[in-house]
Structure formats: C-alpha cells, structure tokens
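# Structural characterization, general
Below, each chain spelled out in residue letters.
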Amino acid sequence: MKQNGSFGYAAPPYSPVGGTIPALTPHAVSVSLPKWQDNVDYEEGHERIKQSMTSGYPRFYIHHQIDQLAQITAARFGLPTELCILLPTQKTADSCHTFLTDRSSPVSSRIVAFPIRSASSTAASSDPDEAAKQRTITVYACFFPAEDFPVAKQFWQHTGDGISSRVGERCLTLLGVVDGDCSATAGTTPTPPEPVHEAVPIVLKGGRYATKNKHYGAARTTSTSSSTSTAATPTSPTLASAPLLPSSSKLRYATSKPLTRNPSQSDESEPTSLANSLELPSRNGTANGAGLARIEQDEDVLARYVEERYGRNLDLSLAPLAKLAMRRRIAGVLRETPGQAVPVERIEKEQAEDSDRGVVGLTESGVWLYPCGMSAIFHAHQLVMGARKRVGGEVGQSACFGFPYTDTLKILEKWGPGCHFLGHGLTSDLPALRALAEKASPPLLAVFCEFPSNPLLRSPPLAGLRALADEFGFMIVVDETIAGFVNVEVLPLADVVVSSLTKVFSGDSNVMGGSLVINPKSPHYAALRATQDAEYEDMYFDEDAIYMERNSRNFQDRIAEENANAEMICDLLRTRRAHGPVPPGVIPAATSTSPSVIKEVYYPKFMTPEHYLASLRPPNAALPNSSGFGALFSLTFTSLTASKAFFDALGCYKGPSLGTNFTIACPYTILAHYTETEWALGWGVEAGLVRISIGLEEPELLREWIDIALEAAEKAVEAEKAQQ
C-alpha cells in the first residue's frame, strides 16, 4: 500500500467482492465484502458471493493451497466416503479425534501421518536458507465420514490449530505441485503409482448451502496400476504412517470458487454465520478449472514477488531467532527505540532487560507462540484445566465475563464441563459471579474476559475479578487483543494473558499468530508452568514466524498513530450523537443539536473508562500517543437504514478482522451472529452495529470518509421518511 511520510497511508487499492484484503496478497487474512447486502448475501449463501470468493478469514475459509494439499492427501489415503482436515502435529490430530469421538453423536475418525520431502535435493544443501526450505514436513490428516464434515469443521474453526496457508504452500513446493516461486508446475502430470481418486460430489440436504460440494473430493477409486491402495482404514484412532513422498510423483489439482458446507440439523449444529461457518473451495477437474488455477497461480507469483522483494524478509534458517525476538518483544525485555528494531541476527547477543510488563521476573521463557489468537485461547483453556488436575483438583466450569468474540464462548462450552455466561461484564455483575463461585461444585475453574470486549469495547473490572479469584481460588484469563500491551497492562491482575498477534502486532493482514503469557507472580504459577512445560509444542510454522517478526518491528509506532487517529475520529463522532438513552457502561455526553443518525459510539474512552484507565500504561516519553485507547470502535445508528447507508458509503476496506495498518470495517452482528440477532440484542449488540478498526491513513482522509458516510446515512433516512 502506498505510504506518505512515515505512515500516512493513502486510500487502499480496490479489492472486489470476494477479493483479498489487502488486495493482491496471497496469504491475506481478510476478504472484501464492501456492501451491506454483500454481507447478508454471504450469510445466506447467494450464488454471486460464492462464485466471487477467492479469500476469507483462515479459520472460516480453506485457502486454495491448503485445499490442494488436502486433495492430494485424500487422493492418496482417503476412502470413497471420507473427507479430511489437515493438522500440524500428531497431538493436534489426536485432539481432533477426541473431539469427534466425544460428540453426543460420536463421529468415527482415523489419522494418517503424511511426511513430505523433496526429491530434488539429493544431498544436504550448504546454504542454511535452502536447507530449511528443503526440510521434511509432516502433516497429519484426520479422516472422517464426509457427512460429518459440519462437526469436524468446528474443531478447525474453534481451535485454530489447522495448518496455515504457508504450510500448504511449502508442502506443495516440496511435492512439485508448485515451483519455488509458487507458480503451477508446467508439463504433463506423471501417472502416480498410487490409486487416483476421482471427485464425486456430496449432496448435503438442508441449510443455506444445500448444494453439491466437491471439496476434498469424496472419491471413487480408479487404479492406474496393479498396486493396492495404501488407504486401508486402521482402527480409530490408530496413527497410520504414510511413506515419504518425493516430488517425482506430481499431482496437479485445479481450484475454483469456494462453497460452504452447512451444519447438519443436529445438536452439534451451529448458527450459519461467518463466526460459525467454514468457507471451502471446491475441486474442479475440468480444463476450465485448470486454466483458472493457472490464473490464480500467476497472481500469487506477482503478489508474492512484491511481498518478498520489498518485505525485508529474513532467511528461513533464522526462524528460531525470529521467534525469540517476538517472545522478547511480548515479554517487554527487548529494548527497542521507536522506529529502530533490534536486528534478529543479533537477538541472542542482546542483553535482556527487566520486563516493562508490570510483573517482576517475566522473561521470554514465560511467553509461548501459537498459530493464531484463537489457538492461544483454546490452549489457555486446556492449560487451566490441566493445571487444576495437576494439583489434584476436580475441573469445574469456567465463567465468561462480558460479551466476547463468539469462538471464545464456543471453546468454553464445548471443551471441559461447560461455562457460565455473564454477558454484560459490568461491575454490577460481580455479585452474580460471587454467587456462582460460592455455589460451584466442583469449584469454579477460571474466568475468561476480553480487555476491552469485542464489539462493545467494554472493559471488565479486573481489580474486582482479581479479588474474587483470590478469595475463591479460580484463575483469570484475559484476552488483551483489542487494546494491546502497548496501551494497557493487564498481566499483574491476570494469571494468563492471551493475544491475537494477527491483529495490530502484525498489522499487515498477511499472517496469523497468537501468544500466551503466564504471570510469574500468579498464585497458580507453579501448576500453570509445570503443565505448560509438559504439554506445549511449537506449532508455529517457521515461514509464518518470519513474516510476523518482520511485520512487528514497528508495531509500537503503528499503535501510537492508530491511537491518535481513532481518538480523533471518535471524539468527532461523539459530537454527532443523537439524543437518547445511554447504554450500560457508557458515560453520558452532550448530544448533537441538529438531527443525527448516530445512536452510540462504543469506544474505551467512553465505555467503562474507569476500568480501562486503571490498566493504562504510563506513556512513553519518546513516543507520543503510545498509551491510548486503541484503534477499534463500534457505532450504532438510529435505524437500520442509516446503518446500511453509512456502511455502503464508507471509503475504507470492508471485511472481517481488525488491528490492520489500513482502516477496515464490518457489519459485525451480521457476520458473527446472523442467525441469532435477537440473542445478541439481549446483551446489547444491535443488528445494525458497524465495527471500525482505524488504520494509518492521513487524518484528513479518515475525516473525509466519515463525513461522506454520515451524509449518505442522513440522506437515506430523509428519503425513507419522505416515502412514508
């Protein structure tokens, strides 16, 4: 994206419906849905949206290179009635198997280990970077009956433990399906020695996408040799180890537009919304499909060239040091002057300083990296359950304090004994939490909360929660993603802190990541640390770590500028607020003297500010605006007509995600709670809510976007009144 000065981003390049956000980014983590109706049609599965989708949020959408690798895996090891999902380790595959087995209607599954190496390297390379690229990678396929995909996709979505798109890309390169530059391999495809499986469409009945879905191809075998299939079904959950596969056996698969499988109408089904659905590319074996694959590959080549040529990437052999650098940044022991990151090559030689995270004794050894933020949350829940067991206690239910991002609640409900939901997350809810803790048997396990919450930007009373935790012995897990540890410090009052590094820590919206920090002063530290040391495995893919480290070098500077931009816009919007009642937690304000369409501005400065300010970090004298209210806010409007018109006229990128270097907006409730809007409204989340994450654009451009959108909303309301 073009920049003016240090940041000062210009208007973003165009990305059509279904295109990547950012545009021309092969590993983008968002998708363009620029009009309100696009989002509604996406939720309802309209054909125009399905045929336009080329990208999506990775936990809801299978990247085309993951899809290609899954097709190869299914063709080699799958049965005619099976589908599979790909996972990075045996432990995560076992966890998927357990999840499927533990459903109220158990799902059978089996695991196949698929080691992938390159046959093009006959001897070890003397170039460390090249040797790292040629390393053997093992993926683990969890196979299950095709009709049970709606259940299996919940594991992929909620845990965030599926392989990343860069894992898929590297494996396809090793297999020779794509070249090192990610272009499709030219030439005739050799006949593989194993049986080849032809795709047979699976028809799913009911739901929004009641259509043929060819993803991963349910297969019928057409053997091209006399060899027998290697896909004999072992007794679940036996791990079947596949032979190492060299690139001499290239399989070419075309990809086309994604389709979505609809949850079955059972007790395991979920509302069909962005937060509860999974977008899947279909397999298309036609010549037209192959041509489309070539076009998509060519776009990938160009985009990747630009990304790597100007991206200051490290050699892949330095990935362990990149991870160390990130862990030190997160621990606050790496002193980096604003704008001057410590070179990764020197990271081990740099003297670690005392942490600035507000807790004595925190070092990088107390920070762990995960494939994405939701993975960190999932494993934080596993961690607190394991810690309770380690001290001989019985695992009780947890409590979710405040209205969270939807998958957090799903994790607490579906793993372990369940949870209590205190959806307002206000000081007035502390007596109810006390009552729960007093009656809980077994004792309450943990309280999970966001600081502040998404999308209402409500900060929980951490001091009050800590007092109850100390009294009743439960743990506190805080998700600090929205505010970020540059702005607030919640670790002193928490036992575990998690964050989605995908958001503002990265900013570029081209890589996923998550982190987990254990408070070394926690009363539960010994059990937590022993459990984490015993259970943790590094699943964070080296290529992802390289990009994340690169992106995060200037994250403090970016956060400071986004703080200033967001506060400027929210102060402006607050003056345009219509007269009306104030929602719980929002401080009263003067209202607009002229007619206005803005009902409320949800922003930490105005929503429960006493709790946010209590955890606000001292400002960095060398970095103006380094301690602020973050980049995220939400707006509600006086009518749904106003919401739609405002959103449609807004000039920024529009799609899921937040914390990006560019401004991005979405109709949050439509995407996250489309089939449960009444339930969400009961907790104060209106159907017309628009969530906006402010980026690094020039303030004048941001104000222009807001003014144009407000004018459009006001005109739409006037036109509606004129027709009545």
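Now for a description of the structure that goes with this document. (Residues numbered from 1 in each chain as written. Predicted model: local features only at pLDDT ≥ 70, side-chain atom pairs only at ≥ 80, totals over all residues. Heavy atoms only, no water.)

### Examining the overall build of the protein chain
A count of helices and strands for the protein chain gives 21 helices and 22 strands. Here the protein chain holds 724 residues, and the buried ones make up 61% of them. At a minimum sequence separation of 6, the contacts of the protein chain that also span at least 24 residues come to 77%. Working note: accessible area of the protein chain is about 26000 Å², and carbon and sulfur atoms make up 54% of it. (Helix = DSSP H or I, 4+ residues; strand = E, 2+ residues; numbered from the N terminus. Buried < 20%, exposed > 50% of the residue type's maximum accessible area, 1.4 Å probe, protein only. Contact = heavy atoms within 4.5 Å. Areas by Shrake-Rupley, 256 points an atom, 1.4 Å probe, with all protein chains shown as cover.)

### A short note on the packing of helix 4 (residues 90–101) against helix 6 (residues 149–159)
With their axes 10 Å apart at the nearest point, helix 4 and helix 6 run at an angle of 135° to one another. By the angle class used here, helix 4 and helix 6 are oblique. Along this stretch, helix 4 crosses helix 6, giving a crossing that reads as right-handed. In contact with Thr92, Ser95, Cys96, Phe99 and Leu100 of helix 4, helix 6 contributes Val151, Ala152, Gln154 and Phe155. Classifying every residue of the contact of helix 4 with helix 6 by side-chain character gives six nonpolar, three polar and no charged. (Axes fitted to C-alpha atoms, helices over the stretch in contact; angles between N-to-C directions. Parallel < 35°, antiparallel > 145°, perpendicular 65-115°, else oblique. Left-handed = near helix turned anticlockwise from the far one by under 90°. Nonpolar A, V, L, I, M, F, W, Y, C, P; charged D, E, K, R; others polar.)

### So, the sheet that holds strand 18 (residues 598–602)
Pairing within the open sheet is mixed, and its five strands lie in the order 18-19-22-21-20. Each end of this open sheet is capped by a strand with a single partner; those strands are strand 18 and strand 20 (653–654). One ladder, built from two bridges, connects strand 20 with strand 21 (residues 664–666); its direction is parallel. Paired with Lys654 across the two strands is Ala665, which belongs to strand 21. (Pairing = 2+ DSSP bridges.)

### Quick look at the pairing of strand 3 (residues 82–87)
Most of strand 3 sits inside the fold, with six of its six residues counted as buried. Side chains of strand 3 alternate between two faces, with Glu82, Cys84 and Leu86 and Leu83, Ile85 and Leu87 buried alike. The sheet contact formed by strand 3 and strand 5 (residues 137–145) spans six bridges and is antiparallel. In the sheet register, Cys84 faces strand 5, and the bridge partner there is Phe143.

### With respect to the side chain of Asn519
In this fold, Asn519 is placed in the loop between strand 17 (514–518) and helix 14 (525–535). Taking relative accessible area as the criterion, Asn519 reaches 3% and is therefore assigned buried. Once residues lying within four places of it in the same chain are set aside, the contact partners of Asn519 are Val359, Leu491, Pro492, Ala494, Asp495 and Tyr525.

### Thoughts on helix 6
Buried residues dominate helix 6, accounting for eleven of its eleven residues. Among the residues making up helix 6, those that are buried are Phe149, Pro150, Val151, Ala152, Lys153, Gln154, Phe155, Trp156, Gln157, His158 and Thr159. Remark: Gly160 follows helix 6 within two positions and exhibits a positive phi of approximately 70°.

### With respect to the pairing of strand 17
In terms of burial, strand 17 is largely enclosed, as five of its five residues are buried. Judged by which residues are buried, strand 17 turns out to be covered on both faces: Gly514, Leu516 and Ile518 on one side and Ser515 and Val517 on the other are all buried. Where strand 11 (residues 367–370) lies against strand 17, four bridges are found, and the strand directions are antiparallel. The residue of strand 17 that forms the bridge with Trp368 is Leu516. Relative to strand 17, strand 16 (residues 496–500) runs antiparallel, the two being bridged by five bridges. Note that in strand 17 the partner of Ser499 across the bridge is Ser515.

### Brief notes about the pattern of salt bridges
Summed over the entire model, instances satisfying the criterion amount to 33 salt bridges. Taking the shortest distance from any N to any O, the salt bridge between Lys323 and Asp538 comes out at 2.8 Å. Taken together, the residues Lys323 in helix 9 (residues 319–331) and Asp538 in the loop between helix 14 and helix 15 (542–552) connect sequence positions 215 residues apart. Its relative accessible area of 10% is what places Lys323 among the buried residues. A salt bridge links Arg577 to Glu600; its shortest N-O distance comes to 2.9 Å. Of the two residues, Arg577 is situated in the loop between helix 16 (555–574) and strand 18 and Glu600 in strand 18; the sequence distance between them amounts to 23 residues. Overall, the relative accessible area of 1% leaves Glu600 in the buried class. (Salt bridge = Lys/Arg side-chain N within 4 Å of Asp/Glu carboxyl O.)

### A short note on the environment of Leu493
By the secondary structure assignment, Leu493 is in the loop between strand 15 (475–479) and strand 16. Sequence spacing of Leu493 and Leu462 is 31 residues, and the spatial spacing of their C-alpha atoms is 6.5 Å.

### Quick look at the packing of aromatic side chains
Inspection of every chain in the model, using the stated rule, returns 21 aromatic pairs. When the centroid spacing of 6.0 Å and the interplanar angle of 50° are considered together, the rings of Phe99 and Phe155 count as tilted. Of this pair, Phe99 sits in helix 4 while Phe155 sits in helix 6; the two residues are 56 residues apart in sequence, bridging distant segments of the chain. Here Phe99 matches Phe155 in class, with each residue buried. (Phe/Tyr/Trp six-rings, centres within 6.5 Å; stacked < 30°, edge-to-face > 60°.)

That's the geometry; what it means functionally is another story.
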